[in-house]
Amino acid sequence: MSHPPSAEFVDIGINLAHDSYDGDREAVLRRAIDCGVRQFIVTGASVQGSRDALALAQAAPRILRATAGCHPHQAIELDATALAALDALAADPLVVAVGECGLDYHRNFSSPREQRAAFAAQLELAIRHRKPLFLHCRDAHADFMAILREQAAALPPAVLHCFTGVAAELDECLEFGLYIGITGWICDERRGTHLKRLVGRIPRGRLMIETDGPYLLPRDLQPKPVSRRNEPMYLPHIAAVIAAARGESLEDLAAHTTATARTFFSFAWETNSEADST
Ligand SMILES: [Zn+2]
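Residues numbered from 1 in each chain as written. Predicted model: local features only at pLDDT ≥ 70, side-chain atom pairs only at ≥ 80, totals over all residues. Heavy atoms only, no water.

In this structure, what is going on with helix α9 (residues 250-264)? I would like to understand it.
Residues three or four positions apart in an α-helix share a direction because the helix packs 3.6 residues into each turn. Taking 1.5 Å per residue as the helical rise, α9 with its 15 residues ought to reach 21 Å, and the 21 Å between its terminal C-alpha atoms agrees with that figure. Listing the buried residues of α9 in full gives L250, L253, A254, H256, T257, T258, T260, A261, R262 and F264. Positive phi appears at S266, one or two residues downstream of α9, with a value of about 45°. (Helix = DSSP H or I, 4+ residues; strand = E, 2+ residues; numbered from the N terminus. Expected span 1.5 Å × (residues − 1). Buried < 20%, exposed > 50% of the residue type's maximum accessible area, 1.4 Å probe, protein only.)

Help me understand the packing of helix α5 (residues 141-150) against helix α6 (residues 167-176), please; the structure alone is not making it clear to me.
The interhelical angle for the contact between α5 and α6, taken along N-to-C directions, is 10°, at an axis separation of 11 Å. It follows that α5 is roughly parallel to α6 by the angle criterion. In this structure, α5 uses H141, M145, L148 and R149 to contact α6, whose residues at the interface are E169, E172, C173 and F176. (Axes fitted to C-alpha atoms, helices over the stretch in contact; angles between N-to-C directions. Parallel < 35°, antiparallel > 145°, perpendicular 65-115°, else oblique. Contact = heavy atoms within 4.5 Å.)

What is the right way to look at the coordination of the zinc ion in this model?
By definition of the ideal shapes, a tetrahedral metal site with four donors has angles of 109.5 degrees and an octahedral site with six donors has angles of 90 or 180 degrees. Protein coordination of the zinc ion is provided by E100 (OE), H136 (ND1) and H161 (NE2), with donor distances spanning 1.8 to 2.1 Å. For the zinc ion, the single-chain donor residues occur in sequence as E-x35-H-x24-H. Of this pair, E100 sits in strand β4 (residues 95-104) while H161 sits in the loop between β6 (158-160) and α6, placing them 61 residues apart in sequence. Judged by relative accessible area, E100 falls into the buried class, the value being 4%. Judged by its relative accessible area of 2%, H161 falls in the buried class. (Donors = N, O, S within 2.8 Å, 3.2 Å for Na, K, Ca; no water.)

Just to check I follow, could you spell out the nonpolar core for this structure?
In summary, soluble globular proteins display a tendency toward joint burial of nonpolar side chains. Counting 83 residues, the largest nonpolar core has L64, L135 and F144 as the members making the most contacts within it. By residue number, the principal contributor to this core is helix α8 (residues 235-246), which donates 6 residues. Dropping the residues within four chain positions of it, L135 is found in contact with C101, F119, L123, F144, L148, A158, V159, L160, H161 and L178. (Core = buried A, V, L, I, M, F, W, Y, C linked by side-chain atoms within 4.5 Å.)

Got a minute to help me understand the environment of L16 in this structure?
One can find L16 in the loop between β1 (9-14) and α1 (25-34). Here the alpha-carbon distance between L16 and V96, two residues 80 residues apart in the chain, equals 15 Å. Excluding its chain neighbours within four sequence positions, the residues that come into contact with L16 are Y21, R25, V28, L29, V42, L56 and L64.

Teacher, can you tell me more about the packing of aromatic side chains here?
One pair of aromatic rings is described through two measures. These are the centre distance and the angle between the planes. Scanning the entire structure with this criterion turns up 3 aromatic pairs. Centre to centre, the rings of F264 and F265 are 4.8 Å apart; their planes meet at 75°, and the pair counts as edge-to-face. As far as the burial class goes, F264 and F265 line up, both buried. One aromatic cluster is present, built from ring pairs that chain together Y179, F264 and F265. In this structure, R191 is placed above the aromatic ring of W185, and the distance from its NZ or CZ to the ring centre is 3.7 Å. (Phe/Tyr/Trp six-rings, centres within 6.5 Å; stacked < 30°, edge-to-face > 60°. Lys NZ or Arg CZ within 6 Å of the ring centre and 35° of its normal.)

All quantities given are derived from atomic positions and should not be read as evidence of function.
Rendered as structure tokens:
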């Protein structure tokens, strides 16, 4: 992976607690760091996954932060006990956002009604803890915006991660004030090419980048990796595709998306320092 040696990246969505990384998690981080990825926001998508994400952040607090939330797929699990557990996790200083939370009507592993209730409860959690939101939305734009609008006056800064929607949806998100996360979905010639036409609409200061590993391996990597597992070392590749689509240099895109991520997640990052190896 060639990239400007000075470029620094933040992967704002990496499911690093996923068991597919159990055998070589440190090597995964090291490879990414060698490619310029300096910090990582470890996604929590369930109560246990959020505990695991926080444990990883506690073990390497110079480079890792965690989110605490319940993905819409798991909304059915978010009972009072689970919500109390997320509440406790959200109070931890290393937990820098509430989420992943939102709506996903693509598969409806939990019913839309359960998803809406879990989403609203997590918005309240973020408001109470004054933590940013890490949001997910798939095939549910209208309900997603309606639930956000109910809390519009009180909402903290919020990023819609892995945006995959259409132009009108993007414009509505931006007008509402959301930050936008773009993944390697944009590298998918089957379903992501529309994003190349859309990413230029996202103003500087509102765009962040992510791999969503181990999911969403960029489909245009050359040579194709043997493993289907996505890793944060591919973030500079995703960044280069986004930069080209926006008519920006990779250095420029890295600089503004990294600055946005560091501000959004309120972390006094150490720049140009040797990252933890733990
Ligand atoms: Zn997601």
